[in-house]
Amino acid sequence: MSMTGNALGFRCDSCGAEVDLRRQVNLCPHCGGLLEVQYDLAGLKRSAGLFRSYARSSIWRYRDFMPTVADQNIVTLGEGGTPLVKSKYLGPSLGVENLYFKNDTLMPTGSFKDRGYSLAISYAMDIGVKRGITYSSGNAGASFAAYSARAGFPGVVMVEYQASPMKKTMIMLYGANTAVLNFDNFAQIETMLDEAVTKLGCYAFVNFINPIRHEAMKTYAYEIYGELGRVPDYSFHPMGTGGGVWGTWKGYNELAAIGVTDRVPRMVPVQPEAVCWLKRAVEQGAETAEMYGDSTKTIAQSISGNSPLQGGRRLLRAVRESGGMAMAVSDEEIMEAMVDLGHEGIGAEPSSASAVAAFKQAVKAGNIHSGDTVVCVITGTAFKQPSVVERVAATPKYTIQANVDELEKLLSGLHLL
């Protein structure tokens, strides 16, 4: 296998330029467009046997489908291989027997970001990057901090001022150089990051600006296919910048291209109503999405970005090419979905529960049918936003003294004796 394995190089979305995979770049050096890793299809087909059986393991089980990293540079905390949990209550209550939750609340830092940062930092170490920067609404910062600490890789996390205290605390717990970032809108952040790359020569780890992180999100497709034994009809994802959606879509397309499956799911990115720029663009038939809404007007902090990166073209493609939907949910729907997930035994932060809120909305609208297989990706743990959990969860109804008579009374009243 060559130094780059099955990965051949980068290609620019905008100008089509080809760029060496070992070059320390973020955006296209010719036009500033987004870069995408290209693969040798024949090489991927030789690794198709990997999908004949499934065993839960880290994302590195699928390293043939990612840019090559030398063993000594792999930075892993056991990310990936999270359970696909079949709904016991919510799905059947709505007449959908095959509803599943991909439970990434169990990742090392409590969010799906660990998939991307394990690969991106490993790759950066492999090509000789010496330091990095990232912007985060919280979860990505914690993941960057944890993996860079593990690797001894220096960098700076800029965490937005709106992030929950718990998210900021987690970043600091891992020892990262951290700055709180103030801004008026997300377009300012995009401009700052573009200039950090082009003017300051920084290596950035922000989704899409970093061309590697979403390659690890392909493992969603591989793991879901492996555990289900088939491709779902619908794949619901909370969406901020959209790396999880795009990476998953790319993964399913690879499975189809190498003959593992003959179909792909309908992709359903989900945003809060307060910032639903993708839904508006899809409904308007637009070629690009535009900034919309106020990111301070939703509890779903992790997906509250109100400005699409480079017009959101990749997300529009994923929705349209898959025959999917772009959806928006209210804070009230999100909080109800958090309770629904709690009944299933899954504690999810508001952003994560948005996928379930959208699923419920789609069922009520008649877009999901009883025979459909649906996967909702649950991207982050409830512990990331405890203040919202306190609002949503009920307080204990009963208080008793520590004696068996009072316990007997309680159990009898609850018909448990």
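Before going into details, it helps to say that this report is about the structure given with it. (Residues numbered from 1 in each chain as written. Predicted model: local features only at pLDDT ≥ 70, side-chain atom pairs only at ≥ 80, totals over all residues. Heavy atoms only, no water.)

Observations concerning the overall build of the protein
When its secondary structure is counted, the protein shows 14 helices and twelve strands. Each of the three principal axes of the protein carries a C-alpha extent, and together these read 75 × 45 × 45 Å. When the 417 residues of the protein are sorted by exposure, 58% land in the buried category. Taking as baseline every contact in the protein between residues at least 6 positions apart, the subset at least 24 positions apart corresponds to 70%. Carbon together with sulfur atoms contributes 50% to the accessible area of the protein, which is approximately 17000 Å² in total. With 39 positive and 41 negative side-chain charges, the protein shows a spacing of 4 Å between the two charge centroids. (Helix = DSSP H or I, 4+ residues; strand = E, 2+ residues; numbered from the N terminus. Buried < 20%, exposed > 50% of the residue type's maximum accessible area, 1.4 Å probe, protein only. Contact = heavy atoms within 4.5 Å. Areas by Shrake-Rupley, 256 points an atom, 1.4 Å probe, with all protein chains shown as cover. Lys, Arg positive; Asp, Glu negative; His and termini not counted. Charge placed at Lys NZ, Arg CZ, Asp CG, Glu CD.)

Concerning the sheet that holds strand 11 (residues 327-329)
Strand order in this open sheet of six strands is 4-5-12-9-10-11, and the pairing throughout is mixed. Strands at the two margins of the open sheet, each flanked by one partner only, are strand 4 (84-86) and strand 11. For this sheet, the mean angle separating the axes of adjacent strands, direction not counted, is 25°. The pairing of strand 9 (residues 234-238) with strand 10 (residues 266-272) spans five bridges and is classified as parallel. From the neighbouring strand, Pro 238 faces strand 10, where its bridge partner is Val 270. Lying over the sheet, helix 9 (residues 277-284) contacts strand 10 and strand 11, oriented at roughly 125° with respect to strand 10. (Pairing = 2+ DSSP bridges. Axes fitted to C-alpha atoms, helices over the stretch in contact; angles between N-to-C directions.)

Considerations on helix 11 (residues 331-343)
Between its first and last C-alpha atoms helix 11 spans 19 Å; for 13 residues at 1.5 Å apiece the expected length is 18 Å, and the two agree. On its buried face, helix 11 sits against helix 2 (90-93), strand 5 (98-103), strand 11, helix 12 (350-364), strand 12 (373-378) and helix 13 (386-392). Where helix 11 terminates, the next one or two residues include Gly 345, which has phi positive at roughly 90°. (Expected span 1.5 Å × (residues − 1).)

Some remarks on the pairing of strand 12
Burial within strand 12 is extensive, with six of its six residues counted as buried. Of the two faces of strand 12, the one lined by Thr 373, Val 375 and Val 377 and the one lined by Val 374, Cys 376 and Ile 378 are each fully buried. Here strand 5 runs beside strand 12; their pairing, made up of six bridges, is parallel. Across the sheet, the residue bridging to Lys 102 is Val 377, located in strand 12. For strand 9 and strand 12, the ladder comprises three bridges, and the chain directions are parallel. Its bridge partner being in strand 12, Ser 235 is matched across the sheet by Val 375.

A closer look at the sheet that holds strand 2 (residues 18-19)
Across the sheet, three strands lie side by side as 2-1-3; this open sheet has antiparallel pairing. Strands with a single pairing partner mark the edges of an open sheet, and in this sheet they are strand 2 and strand 3 (35-39).

Some details on the state of the cysteines
For the structure shown, the criterion picks out zero disulfides. With no disulfide partner, Cys 31 has as its closest neighbouring cysteine sulfur the one in Cys 12, 3.4 Å distant. In this model Cys 376 remains outside any disulfide bridge; the closest cysteine sulfur is found in Cys 276, 19 Å from its own. Exposure remark for Cys 376: the relative accessible area of 0% places this residue in the buried category. (Disulfide = S-S within 2.5 Å.)

Quick word on the side chain of Ser 136
Here Ser 136 shows up in strand 6 (residues 132-136). Residue Ser 136 is classed as buried on the basis of its relative accessible area, which comes to 1%. A polar contact of 3.3 Å, which involves the side chain of Ser 136, links it to the backbone nitrogen of Ala 140. One polar contact links the side chain of Ser 136 to the main-chain amide nitrogen of Gly 141, over a distance of 2.7 Å. (Polar contact = N/O pair within 3.5 Å; in protein donor to acceptor, adjacent residues only side chain to side chain.)

A few points about the packing of aromatic side chains
Aromatic rings considered in pairs are described by the distance between their centres and by the relative angle of their planes. Enumeration according to the criterion identifies 13 aromatic pairs in this entry. Look at Phe 144 and Phe 205: their rings are 5.3 Å apart centre to centre, the planes differ by 55°, and that puts the pair in the tilted class. Of this pair, Phe 144 sits in helix 4 (residues 139-151) while Phe 205 sits in the loop between helix 6 (186-198) and helix 7 (213-228), placing them 61 residues apart in sequence. A relative accessible area of 1% means that Phe 144 is categorised as buried. Take Phe 205: its relative accessible area is 0%, and that puts it in the buried class. (Phe/Tyr/Trp six-rings, centres within 6.5 Å; stacked < 30°, edge-to-face > 60°.)

A short note on the side chain of Ser 295
In this fold, Ser 295 is placed in the loop between helix 9 and helix 10 (313-322). Residue Ser 295 is classed as buried on the basis of its relative accessible area of 8%. Those residues within four positions of Ser 295 in sequence are excluded, and the remaining contacts are Gln 162, Phe 186, Val 275, Ser 304 and Asn 306.

Read these as layout, nothing more, since geometry by itself doesn't imply function.
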